[in-house]
Amino acid sequence: MKRLIQFILMTLLGLILSRGVHALPFYAAHQHSVISTQPSAVSHQHSTISTDLLALNNSEQNATVSKTQQQAGSTKHYLLLEKGKQYYDAGQYSDAARVLQQAAQAYQATGDILNQAQALCLLSLVTQQLGEWDKAQAAIDSSLSLLETVSRGGEGVLAKVLNTQGRLQLVQGNAEAALNTWQNAEALYAKANDRVGVLGSQINQAQAMQSLGLYRRAKKLLTQVRQTLLAQPDSPLKAIGLHNLGNVFRQAGDLKQSKQTLTKSWTVAQRIKSPESQSQVLLSLGNTERALATRAKDLNNNKAFQQHIQEAITHYQQAAATTTSPITQIQAQLNQLSLLIETDQEKSVQALLPQIQTLLTKLPSSRASVYAHVNFAQSLIKIRNRKLRTQITKPIPTPIPNSQDIAQLLNTAIEQAKTLEDKRAESYALGTLGNWFEQTKDSSNAITFTKSALLIAQGINAPDIAYQWQWQMGRILKAEAEQATKTRNGDSETVSDLIQNAIAYYTQASNTLTNLRSDLVTLNPDIQFSFREQVEPVYRQLVDLLLRSPQPSNDNLKQARDAIEALQLAEIDNFFRDACAKPEKVNIDNLDPTAAVIYPIILKDGLAVILKLPEPDNLRYYIHHNISEAQVDEAVKKFRNFLRRRSTSISKVKKESQQIYDWLIRPFEEELESNPEADQSPIKTLVFVLDGSLRNVPVAALYDGKQYLIERYAVAVTPGLQLVDPKPLPRQQLTALIAGATNAPSFKKEAG
């Protein structure tokens, strides 16, 4: 159910078994998250756990393992294990997998079961990073089987293996199994009196609970963890634990608690004199401030928006200035750059660009480096697009990013990913290069690179990436169809083929998103995965293509209706930050035989309305051309304002109401009032699945010039027919309180 959780769980539950002694099972610090709608240098980057923290663990089980490894410290086996971890920490996963496989075989040859199990546990983590799920499962299964043969002394290793198993279960969509696994891991850590393991397992459990929609339980558990950490004396454990917890609070949407917890972590890091911890917490604080800015912007609170933006920039600057890690520095600067671009701070952007360019050349080859190159290229593309739009109206004082520089950055990322044998990173880099060619209108190269990226994403079973390239292919083919209409004298066959191919890719993308609907909130929780930029357009653009012809086919109308139903569900998930709405598989064609369903759909350049009449496949369609979303929003706003004001005359309310009636009902009056089938009951109920701002319309008050809609029909409004069981209320034993007035003061001035 939660495959996309890997986006925010890349370092969850002991992602690193550093020094071969202890796996810190904390939810990985999300301090490296770039708040971006595209893959970045930081959104998938894990952090290395400090050895200072690991030294705090003194459980008997881990002491046993540690002793075994110390005795083997000079052996080739131990060196292989350490080398594998070094590759892992450096983001060189293919090399890590190769070396860890050798280490596991070496330990097997000497009969060292505990270290063999630990090597396999690490191998599972590495192959998870590479998207090789079958190999990851095989490694963890082998590790667990080995530990079943150990009579005593293996509890500490078993707890770490269970943490890794829980991570695999969660990214594969089995949150319930992950929760049970982490509860078992917690019990083992508690038995060993390992407070680090207990706290980490609890944070992991909270993540699984959130995936299952158990928000109250998750929040209660996280609050307990926070109180436990705050009660601890200052230490690296406390600093990192609060840091991870602050990131989890942000991902759960509790931004106030996130800021408070991260601030506490930063204070602890200061007191224990840990500059690197301070810089990483500052990076996370910057992300939380940016999320707060996004929220303030949504609420039209410009003062708060500006304040949070400045705080975020300051935190990013401080993180880059204080860190000793090139990775942390580039992450902070990339985050800062994207924020400066977003807020049109041109001078600051130009000052930061050369710093990032210089630092990129110094990064060693790794997944972090690949994503850094991709992220920087995306920022340059945004700068270029903004400048090209701006130069139409005013001169540009600063240079436009060079096209060759952008392509070179992405080619470098592709080559690094190939060298690393990192398919996920390669897919991102190839797809982004395809996007660059799409924007420069080089459709041939755009198709070539996008198809390559899609093939890789599908090969590693990464639907979270695949849908982006499916959508991109749809956009490219749609643009080709529009170009063919202009340049080939309207060659209908060519245009039709291109549109059909575009629809096919859009359909694939929407189906992928629908299958992932329970995972969408974790795609980028800092900004609710940029729903309006990364998810909503997929559905709306598909509907636009399906309804493009003057008389869409019945199949196209059905598919458009289904796409809108899926969008409605995704919007609810986005609002509640989880797939809390469980859709019912409803055959919409078998509803109440006296009910009709109305679907208004706000498109880019028009307002479309689909009417579903009783009987299967009985659909009608109408489009109001040249009505923009802004016009719809304004009409709804005006209507509602008139309704709120007691001084508004009824005639004005009727006039504004009639405008919306004309859009939604007027085109279908004849179909609604007629009764073409002798054995079919006339329409008695209108069910509205409203879109956008139209959800704010009290449909019962719509006026046709003579009557209100409620005087002619029973009306119902639903966010989607798959969300609730769509059946009429039983009429027996209905109790209702109904009141009204025919001579209220507001009616005295006007007769109608």
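Residues numbered from 1 in each chain as written. Predicted model: local features only at pLDDT ≥ 70, side-chain atom pairs only at ≥ 80, totals over all residues. Heavy atoms only, no water.

1. Brief notes about the overall build of the chain
In plain terms, the rule: Numbered from the N terminus, helices here are DSSP runs of H or I no shorter than four residues, and strands are runs of E no shorter than two. Exposed residues in this analysis have more than 50% of their type's maximum accessible area, buried residues have under 20%, and partly exposed residues fall in between, with area computed by a 1.4 Å probe over protein chains only. Two residues qualify as a contact provided that any one of their heavy atoms is within 4.5 Å of a heavy atom in the partner residue.
In terms of regular secondary structure, the chain is built from 27 helices and five strands. Here the chain holds 752 residues, and 57% of them are scored as buried. For the chain, restricting intrachain contacts to residue pairs at least 6 apart in sequence, the fraction spanning at least 24 positions comes to 68%.

2. Observations concerning the environment of Ala106
By the element assignment, Ala106 lies in helix H4 (residues 93–110). Judged by its relative accessible area of 13%, Ala106 falls in the buried class. For the pair Ala106 and Tyr78, spaced 28 residues apart in sequence, the C-alpha separation works out to 9.2 Å. Excluding residues within four positions of it along the chain, Ala106 makes contact with His77 and Leu80.

3. Regarding the packing of helix H5 (residues 113–129) against helix H7 (residues 155–171)
Quick reminder of the rule: For helices, the axis comes from a line fit to the C-alpha atoms of the stretch in contact; other axes are also lines fit to C-alpha atoms, and the angle between any two N-to-C directions lies between 0 and 180 degrees. Angular relationships are summarised with four words: roughly parallel below 35 degrees, roughly antiparallel beyond 145, roughly perpendicular across 65 to 115, and oblique for the angles in between. Handedness of a crossing follows from how the near helix is turned relative to the far one, being left-handed for an anticlockwise turn of less than a right angle and right-handed for a clockwise one.
For the pair H5 and H7, the least separation of the axes is 10 Å and the interaxial angle reads 20 degrees. When the axis of H5 is compared with that of H7, the two are roughly parallel. The hand of the H5/H7 crossing is left-handed. Contact with H5, carried on its side by Leu114, Ala117, Gln118, Cys121, Ser124, Leu125, Gln128 and Gln129, involves Val157, Lys160, Val161, Thr164, Arg167, Leu168 and Val171 of H7 and no other residues of that element.

4. Thoughts on the pattern of salt bridges
This is how it is decided: Each reported salt bridge corresponds to a side-chain nitrogen of Lys or Arg within 4 Å of a carboxyl oxygen of Asp or Glu.
Applying the stated criterion across every chain yields a total of 24 salt bridges. The residue Glu132 makes a salt bridge to Lys135 at a minimum N-O spacing of 3.8 Å. A relative accessible area of 52% means that Lys135 is categorised as exposed. In this structure, Arg561 engages Asp562 in a salt bridge whose closest nitrogen and oxygen atoms are separated by 3.5 Å. Since its relative accessible area comes to 5%, Arg561 is described here as buried. Its relative accessible area of 35% is what places Asp562 among the partly exposed residues. One salt-bridge network, in which partners are shared between bridges, spans Lys478, Glu482, Asp544 and Arg548.

5. What about the pairing of strand E4 (residues 685–688)?
Put simply, the test is: Any two strands with at least two DSSP-identified bridges between them are counted as paired.
Burial along E4 is two-sided: the residues Thr685 and Val687 and Leu686 and Phe688 are all buried. Bridging between strand E1 (residues 595–603) and E4 involves four bridges; their strand directions are parallel. Note on E4: the bridge partner recorded for Val597 is Val687. The sheet contact formed by E4 and strand E5 (residues 714–717) spans four bridges and is parallel. Bridge pairing in E5 links Thr685 to Ala714.

6. Quick look at the packing of aromatic side chains
Rules: Aromatic pairs are defined between Phe, Tyr and Trp rings, using the six-membered ring for Trp, whenever the two ring centres lie within 6.5 Å; interplanar angles under 30 degrees are classed as stacked, those over 60 as edge-to-face, and all others as tilted. Geometrically, a lysine NZ or arginine CZ counts as sitting over a ring once it is within 6 Å of the ring centre and also within 35 degrees of the ring normal.
Scanning the entire structure with this criterion turns up four aromatic pairs. Centre to centre, the rings of Tyr371 and Tyr428 are 5.6 Å apart; their planes meet at 70 degrees, and the pair counts as edge-to-face. Of this pair, Tyr371 sits in helix H17 (residues 367–390) while Tyr428 is found in helix H19 (residues 423–439), placing the two residues 57 residues apart along the sequence. With a relative accessible area of 0%, Tyr371 lands in the buried category. Given a relative accessible area of 1%, Tyr428 falls into the buried group. Pairing Phe437 with Phe449 gives two aromatic rings, centres 5.6 Å apart and planes at 20 degrees, and the pair type is stacked. One end of the pair, Phe437, is in helix H19; the other, Phe449, is in helix H20 (residues 443–459), with twelve residues separating them in the sequence. Judged by relative accessible area, which is 15%, Phe437 ranks as buried. Across from the ring centre of Tyr87, 5.0 Å away, lies the NZ or CZ of Lys83, which sits over that ring.

7. Structural notes on the sheet that holds E5
One open sheet holds the five strands; their spatial order is E3-E2-E1-E4-E5, and the pairing between them is mixed. In the strand order of this sheet, the two ends are held by strand E3 (619–625) and E5, each with one partner. Sheet twist, expressed as the average angle between the axes of neighbouring strands with direction ignored, equals 20 degrees. With seven bridges joining them, E1 and strand E2 (residues 606–612) adopt antiparallel strand pairing.

8. Quick look at the confidence of the model for the chain
Quick note on the threshold: One confidence number per residue, pLDDT, is output by the predictor and ranges from 0 to 100.
Summing up the model confidence of the chain, the mean pLDDT is 81 and the portion of residues at 70 or higher is 80%. Averaged pLDDT values over the elements of the chain bottom out at 28 in helix H1 (residues 51–54) and peak at 96 in H20. Confidence drops under a pLDDT of 50 for residues 1–70, and excluding neighbours within four residues, the segment shows 279 contacts in the predicted structure. Considering only residues more than four positions removed or in separate chains, one finds that residues 521–529, a stretch of pLDDT under 50, has 36 contacts.

9. Focus on the packing of helix H3 (residues 76–89) against H5
The test is simple: Note on residue classes: Ala, Val, Leu, Ile, Met, Phe, Trp, Tyr, Cys and Pro are nonpolar, Asp, Glu, Lys and Arg are charged, and everything else, Gly too, is polar.
Direction vectors running N to C along H3 and H5 enclose 20 degrees, while the axes themselves pass 11 Å from each other. In terms of their interaxial angle, H3 and H5 are classed as roughly parallel. In the crossing of H3 with H5, the sense of the turn from one axis to the other is left-handed. Judged by residue contacts, Leu81, Lys85 and Tyr88 of H3 engage Gln118, Ala119, Leu122, Leu125, Val126 and Gln129 from H5. Residue composition of the contact of H3 with H5, grouped by class: six nonpolar, two polar and one charged.

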